[in-house]
Every structure is written in C-alpha cells, then in structure tokens.
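Structural description and commentary
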Amino acid sequence: MASDPYGWLDKSLAALHRAHRYRSVQTIDGMAGPTVQRRGQTLVNFASNDYLGLASDPRLAEAAIAAIRTYGTGSTGSRLLSGHRELHRELERAIAALKGTEDALVFSSGYLANLGAIAALVGTPDLILGDEYNHSSLKAGGKVSGATTLDYRHGDVADLKTLLAEHRDRHRRCLITTDSVFSMDGDLCPLAEILDLAATYDAMVLVDEAHGTGLFGQRGSGVVEHLGCAGRPLVTVGTLSKALGSLGGYVAGSSALIDFLRNRAPGWVYTTALSPGNGAAALAAVQIVQQEPQRRDRLWCRVSYLTQQLDQILAESAAASCQLRRLPSASPILCLEGHSAAAILSASQQLQSAGLWVAAVRPPTVPTSRLRITLMATHKPSHLEQLVAGLQTLLEAEPLAL
Ligand SMILES: *Cc1c(COP(=O)(O)O)cnc(C)c1O
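Residues numbered from 1 in each chain as written. Predicted model: local features only at pLDDT ≥ 70, side-chain atom pairs only at ≥ 80, totals over all residues. Heavy atoms only, no water.

Describing the packing of helix 7 (residues 157–167) against helix 8 (residues 191–200)
For the record, the criterion: Geometry is summarised by axes, namely lines fitted to C-alpha atoms with helices restricted to the contacting stretch, and by angles between N-to-C directions that run from 0 to 180 degrees. The numbering of helices and of strands both runs from the N terminus, where a helix is a DSSP run of H or I of at least 4 residues and a strand a run of E of at least 2. By the definition adopted for this analysis, an angle is roughly parallel if under 35 degrees, roughly antiparallel if over 145, roughly perpendicular if from 65 to 115, and oblique otherwise. Helix crossings get a hand from a simple test, with the near helix turned counterclockwise from the far one by less than a right angle marking a left-handed crossing and a clockwise turn marking a right-handed one. Contacts: residue pairs with any heavy atoms within 4.5 Å of one another. Ten residues, namely Ala, Val, Leu, Ile, Met, Phe, Trp, Tyr, Cys and Pro, are considered nonpolar, four, namely Asp, Glu, Lys and Arg, are considered charged, and the remaining ones, Gly among them, are considered polar.
One can describe the packing of helix 7 onto helix 8 by two numbers: an axis separation of 10 Å at closest approach and a directional angle of 15°. Of the possible angle classes, the one that applies to helix 7 and helix 8 is roughly parallel. Pair helix 7 / helix 8 crosses with right-handed handedness. Taking contact as the criterion, the partners of V157, L160, K161 and L164 in helix 7 are, on helix 8, E193, I194 and L197. Residue composition of the contact of helix 7 with helix 8, by class: 5 nonpolar, no polar and 2 charged.

Let's talk about the sheet that holds strand 6 (residues 174–179)
Note the following rule: Strands are treated as partners if at least two bridges between them are detected by DSSP.
Spatial strand order, 3-9-8-7-6-4-5: 7 strands in an open sheet with mixed pairing. Sheet topology places strand 3 (103–107) and strand 5 (148–152) at the edges, where each strand pairs with a single neighbour. For this sheet the average axis-to-axis angle between neighbouring strands, irrespective of direction, equals 20°. Two elements, strand 8 (residues 235–239) and strand 9 (residues 249–253), share 4 bridges in a ladder whose sense is antiparallel.

A look at the nonpolar core
Across soluble globular proteins, nonpolar side chains show a tendency to be buried alongside one another. The condition is simple: Here, the term nonpolar core denotes a set of buried Ala, Val, Leu, Ile, Met, Phe, Trp, Tyr and Cys residues that are joined through side-chain atoms within 4.5 Å. Whether a residue is buried, partly exposed or exposed follows from its accessible area with a 1.4 Å probe, protein chains only, as a fraction of its type maximum: under 20%, in between, or over 50%, in that order. Boundaries of every domain are those given by an automatic assignment or by a domain database.
Residues F46, I373 and L391 are the most contacted members of the largest nonpolar core, which totals 63 residues. In terms of residue count, the dominant contributor to this core is helix 12 (residues 276–291) (9 residues). No fewer than three residues from each of domain 1 (27–55 + 293–396) and domain 2 (58–291) sit in this core. When neighbours within four sequence positions are excluded, F46 is seen to be in contact with L356, W357, V358, R372, I373, T374, L375, H379, H383, L384 and L387. By size, the runner-up hydrophobic cluster in this structure holds 22 residues, among which are L138, V237, I258 and A265.

Digging into the domain arrangement of the protein chain
It is common to give the size of an interface as the accessible area that goes away when the parts come together. To be explicit about the condition: Using a 1.4 Å probe, buried area is obtained as the accessible area two parts lose upon being combined, added over both of them. Whenever Lys or Arg places a side-chain nitrogen within 4 Å of a carboxyl oxygen from Asp or Glu, that contact is recorded as a salt bridge. Residues adjacent in sequence count toward polar contacts only when both atoms are side-chain atoms; beyond that, a polar contact is any pair of N or O atoms within 3.5 Å, and within protein one must be able to donate a hydrogen and the other to accept it.
If you check the domain split of the protein chain, you get domain 1 (27–55 + 293–396) and domain 2 (58–291). The interface is formed by 26 residues belonging to domain 1 together with 27 residues belonging to domain 2. When domain 1 packs against domain 2, the two sides together hide about 1,900 Å² of surface, and 60% of this comes from carbon and sulfur. Of all residues in domain 1, Y51, L54 and R296 bury the most surface against domain 2, accounting for 30% of the area lost on that side. Applying the counting criterion to the domain 1 and domain 2 interface returns 1 salt bridge. For the salt bridge of D185 with R370, the shortest nitrogen-to-oxygen distance reads 2.9 Å. The interface formed by domain 1 and domain 2 includes 10 residue pairs in polar contact (both at pLDDT 80 or more). At the level of elements, helix 13 (293–318), strand 11 (333–337) and strand 14 (370–374) are the ones that each hand at least two residues to the side of domain 1 that touches domain 2.

Considerations on the environment of R173
Turning to its location among the elements, R173 is positioned in the loop between helix 7 and strand 6. When the C-alpha positions of R173 and L121 are compared, they lie 8.5 Å apart, and in sequence the two are 52 residues distant. Apart from the residues within four sequence positions on either side, R173 is in contact with L121, D126, L127, R168 and M204.

A closer look at the pattern of salt bridges
Under the defined criterion, the tally for this structure stands at 20 salt bridges. For D126, the salt bridge is made with R172, and the minimal N-O distance between the two is 2.8 Å. Of this pair, D126 sits in the loop between helix 5 (110–121) and strand 4 (127–131) while R172 sits in the loop between helix 7 and strand 6, placing them 46 residues apart in sequence. Relative accessible area serves as the criterion here: at 0%, D126 is assigned to the buried category. Taking the shortest distance from any N to any O, the salt bridge between D156 and R153 comes out at 3.3 Å. For R153, a relative accessible area of 49% corresponds to the partly exposed category.

Structure, rendered in structure tokens:
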C-alpha cells in the first residue's frame, strides 16, 4: 500500500481552518506609514511596529543607499570571516552609547540575537526562568540552549521567587528572561524587582527591549532606562526592526559579555553579517532617536489620547453588554480582548471594511483572542478619531457577538 508521508499536512491545515487559527499574508502596496494601500483601499495602519515612523524616513533610505553604493548589497560572509565592516562597529558603538552599556553586538535579526545570546549564556547544567508571556524567540533560545526551562506566571515576582528558592541550588548558572514590553499585551515587566531577586539568587537577567528601544526613557534608551535600571548588571537584547525602522538585532552589555558572545554565540558566529544597507539605516535611526525626542513625545500623546477614548467607549457600551475588555498596558500597544477567535477575527474584518487595519491576534500566539492596536508617532489625530468611530460602530452594531 502506498503511503503518503506528507498526507498529514492537509489534515493539519483543515484543523487550523476549523479552529479559526489559519493565517495568511496580506499584501501591502507601496510605502510603510500611518496609512497604507491594499488592493486600492487606503487603510489607517494600526498593525505596524514602526512606532516612530522611521521606516519611511528619507534619511534612513539615503543612508542605506549610500552604504550599498560603498559596500555593496551583501556583506558576503560572517563577521569573523569576510563580513565585518567599520559600519558594523560604528553601529555597535552607537547602540552601546544609546543603552549606556560598555559594548554591543549586532545580529542579523532580533530573533537570532535572543537565540544566540541565550544558547551562549546557558547550557544543559543550567536553569532558565522565563515569564510565561515571553516572546517566541526567548522560548526558542531556551530550547536551543538545552537548559532546564521553567515559566513563572506573567509579571509575578512572587512566583519567580518561589521557583528560584526551589530550583536555583540544583543548577550551575541561572538566567531569568523577560520581555521589557510584552509584545502581545503592551504591559511592562517588573524589572527592578526581578533584578533584586537575581542579585539575591546569583542569577543573570536577560531583558528583551524589542518594543522598548526608541520609545521609553528620557534618552529613548528603553524600558531599562525608564524603570531606573540602567547600569545594573543586565543582558539587554533588542531589534533594529521596530522603532528603528530597519532590520537586525543586537545585544548590549558589559565588554566581557560582548567579547564572550563574539566567540560563543552560534547565531552570530555562523551566519552572514548584517547587510550594509540595513546597518546604515539602523545607525541613522539611532541618531534620530537621540536627536529628536519630540517623536517620542508625539507618540505618548497619541497613547494617552487613545487609551482615554477607548475606556470611554467601552464604559458607554458596557450597558449594552459589551464583551470587549482593554488589557492593562503602559505602551503604544493597546489590546482589546474578546470572547472568541471567531468574534475577534470578524471584528478585525469589519474594521478593515471601514478602512482601519487592526490585527486580530489569536491562540496559539496568545492565550486569549484580542484586537491589537499599535500606535505611531506619525498617526494624525484624525486617524485616531477614525479608529474610535469604527470601534464605536462595531460595539453598537453587535454588542452580543463580541
Ligand atoms: C519582534 C520581536 C523579536 C524579534 O525581532 P526581529 O528583529 O523581528 O527578529 C524579539 N523579541 C520580541 C519581544 C519581539 O517583539
């Protein structure tokens, strides 16, 4: 009898469809920005990580073009072989200066930076304690490292302490991992408390600033600065692909840490160096973050305005048995949690017909389905008003379906 070793693929896809978990790409035409074009429709974009609007900034484009003219499109090798350029060091110095750390190391993506750093810092004799809502790349890093990995309840320092007290002694090294801004919720980690526990239990701390860098802190350094933790012993990871409008990732920390990673992080040693165009665009973005704090200010104004508006329309529709709930947030990521994946998907589609692009985030990415709204410094007040009106229509039309 002929067997089909790939037959399970169709069955798995059918199961995804049935559970409303099937996903597919949507094509955007033209330039990134607060509004985008899709199949002739203009959509106000609430689904981007381009918080400062830098992905379409001509200064980043010019820097990338100049670097490509100077160095070429590809870096042609890994950093330790033929891929290293002065541009990489300049970018690393600029990131270290922004972060206030001794040094930094750039990777080809934030995902790889987490994978590389975690797998270098811990191995099979070691312990990783991670927030249960951590980004997929932190979880994948734990698996690749071979360390014993335990999750603590989201943001729960007491639970982390219990796990440390119970398990720390049985392992050589311990690494605590957490997002600084939780990417699918928008709340912040209790970093100062985590660092205090880490000091008591002789543990390292890795914080992922993917959604913090460029937005938080006086200098735009990130949540570490915002929570008064700059200068404390930390491994900071981040991406060049969100507020910095480019592509790539980094680790920032002590000289010893960075020197060690250059020797032992597989996700850095065995992959091609960041391309010149991406590196130059990111360098221009780091400079803009430092020189233009007004971009952050504008973003935070948008955040407080929309938060207040959302709470108002949700409170008003509460009488009509509204079942959307705003999740706690302290960032430009605002989430409205709903009952079911199907309801959230339908809400997102209805918003889309009204010219509003709001992502429906569903399990298994998150435990509960939600509309995820991300704000940009370049959103106009009218964009936010349009979103509020769209949500209001949704709440009035179908109070029970959500
Ligand atoms: C996006 C993201 C990453 C991955 O960064 P890329 O540069 O896109 O690979 C890592 N961690 C968190 C929390 C993220 O949101």
